[in-house]
Amino acid sequence: MTELAHRTGAVNLGQGVPELDSPPALLAEVADAVLAGRNQYPPAVGVPALRAAVAAHARARYGLEYAPDGEVLVTTGATEALASACLGLTGPGDEIVTFDPCYDAYPAGARLSGATLVTVPLAIDGDGFVLDSDALRSAMTDRTRLLLLNSPHNPTGKVFTPDELERIAELCVERDLTVVTDEVYEHLVYDGARHVPIATLPGMRERTLMISSAGKTFNVTGWKVGWACGPAHLIAAANSVKQWLTYTSGAPYQEALAHALDAVEDWAAELRATLTTHRDMLATGLRAAGLSPYRADAGYFLQADIRPWGFTDGLRFCRELPGRAGVVAIPTSAFQQGVDTTPWLVRFSFCKREDSLTEAVARLSALAG
């Protein structure tokens, strides 16, 4: 869809690549690190200062204690951490359970390990998405080894509630499952919604590998610096794979991010305010154009129901939209791994400049008119 945007000159609200600025001090510090010659291999498990900053962040924000040495691992983005976890913790014959729709790295990680990805559809309730506890229980078998939990969730913008997390945790303890969490949108939560890591719940820290990254928080998705926190045995399992993938990466980025993470709260508050405004602008524009957006409590994306325009196939809609309206979106079916019960959902991104969103909304409204 991004290639289609380039070919047609369409406004690209498909891919989740932010058009927003990064912290100037962070960019200056990276430039200084490069020019100072800090460009060689950093330690395989990550620069000590960044591992210490990640541990301090988990302690200050969530009350979770992790030892920088042995319980924190720096990776080449959250994607490598996810792949390393799947490869290090599962194998042929195992099953990984996750929620549908899901980020497309999850089925890839399962295939790489030889495991089977079992998906549990998120249910629609009003203008949002909710956990179906019965469906989750039914999906678990004696071959289930790992639950992959993404909250805040891509592509729906859902934040799992404390009650939902308690129900998930009860099942994981009952089944003695390992949990791998994708929390890359942890700082981008809106409207009073609250992100609660499942590792903070009783009985969960010792079975949870918590993954996040710098890309979404600081608008530096191209730097690919992520990390995992967890008990030493889970970190060791992930690192046993990670060391043979990239070994290590991003030395100057790691050093600069260590300082940025120490001061993340003020920056994140400003970014949330901007993204909330942009989300509301896009939602208002979609409604004015006759489409029906769902609530997004976090992240970069709005889901929209395209049936008011007479479409029931999101793929066809997204293929035709650039030519008809000069706007690119992504069909939610691209993130569906199980039976697609909502082929009429389409994902629009709002992590864009205000002028991009204004132009996209004007084009959609003109077509609707």
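Residues numbered from 1 in each chain as written. Predicted model: local features only at pLDDT ≥ 70, side-chain atom pairs only at ≥ 80, totals over all residues. Heavy atoms only, no water.

The name an unreviewed UniProt entry gives the protein is Aminotransferase class I/II-fold pyridoxal phosphate-dependent enzyme, with Streptomyces radicis as the organism. Check the Cofactor (unreviewed entry) section of the UniProt entry for the protein; it says "pyridoxal 5'-phosphate". Regarding the protein, the relevant UniProt record gives this comment under Sequence similarities (unreviewed entry): "Belongs to the class-I pyridoxal-phosphate-dependent aminotransferase family." (UniProt positions renumbered as here; feature names shortened; annotations may be inferred.)

(A) Summary view of the nonpolar core. Residues Phe99, Leu136, Ile168, Phe218 and Phe348 are the most contacted members of the largest nonpolar core, which totals 112 residues. Residue assignment places this core across two domains, with domain 1 (1–22 + 266–366) and domain 2 (24–263) each supplying three or more. The contacts of phenylalanine 218, once residues within four sequence positions are left out, are Ser22, Pro23, Leu26, Leu257, Ala260, Leu261, Val264 and Trp267. (Core = buried A, V, L, I, M, F, W, Y, C linked by side-chain atoms within 4.5 Å. Buried < 20%, exposed > 50% of the residue type's maximum accessible area, 1.4 Å probe, protein only. Domains from an automatic or database assignment. Contact = heavy atoms within 4.5 Å.)

(B) The arrangement of the pattern of salt bridges in detail. Taken as a whole and assessed by the stated rule, the structure comprises 22 salt bridges. Between arginine 295 and aspartate 127 there is a salt bridge, and its shortest N-O distance comes to 2.7 Å. Within this pair, whereas arginine 295 is found in the loop between β11 (292–293) and β12 (301–305), its partner aspartate 127 is found in the loop between β5 (123–125) and β6 (128–130), the two being separated by 168 residues in sequence. Linking glutamate 359 and arginine 363 is a salt bridge whose minimum nitrogen-to-oxygen distance equals 2.7 Å. Placement of the pair is glutamate 359 and arginine 363 together in helix α13 (residues 354–368), with a separation of four residues, close to one helical turn. What makes arginine 363 partly exposed here is its relative accessible area of 26%. Several salt bridges share partner residues, and in doing so they unite Glu19, Arg353 and Asp355 into one network. (Salt bridge = Lys/Arg side-chain N within 4 Å of Asp/Glu carboxyl O. Helix = DSSP H or I, 4+ residues; strand = E, 2+ residues; numbered from the N terminus.)

(C) Representation of the environment of alanine 55. Assignment of secondary structure puts alanine 55 in helix α3 (residues 48–62). Look at alanine 55 and you get buried, because its relative accessible area is 0%. Through-space distance from the C-alpha of alanine 55 to that of glycine 299 is 23 Å; in sequence the pair is 244 residues apart. In contact with alanine 55, not counting residues within four places along its chain, are Leu64, Tyr66, Pro68 and Val72.

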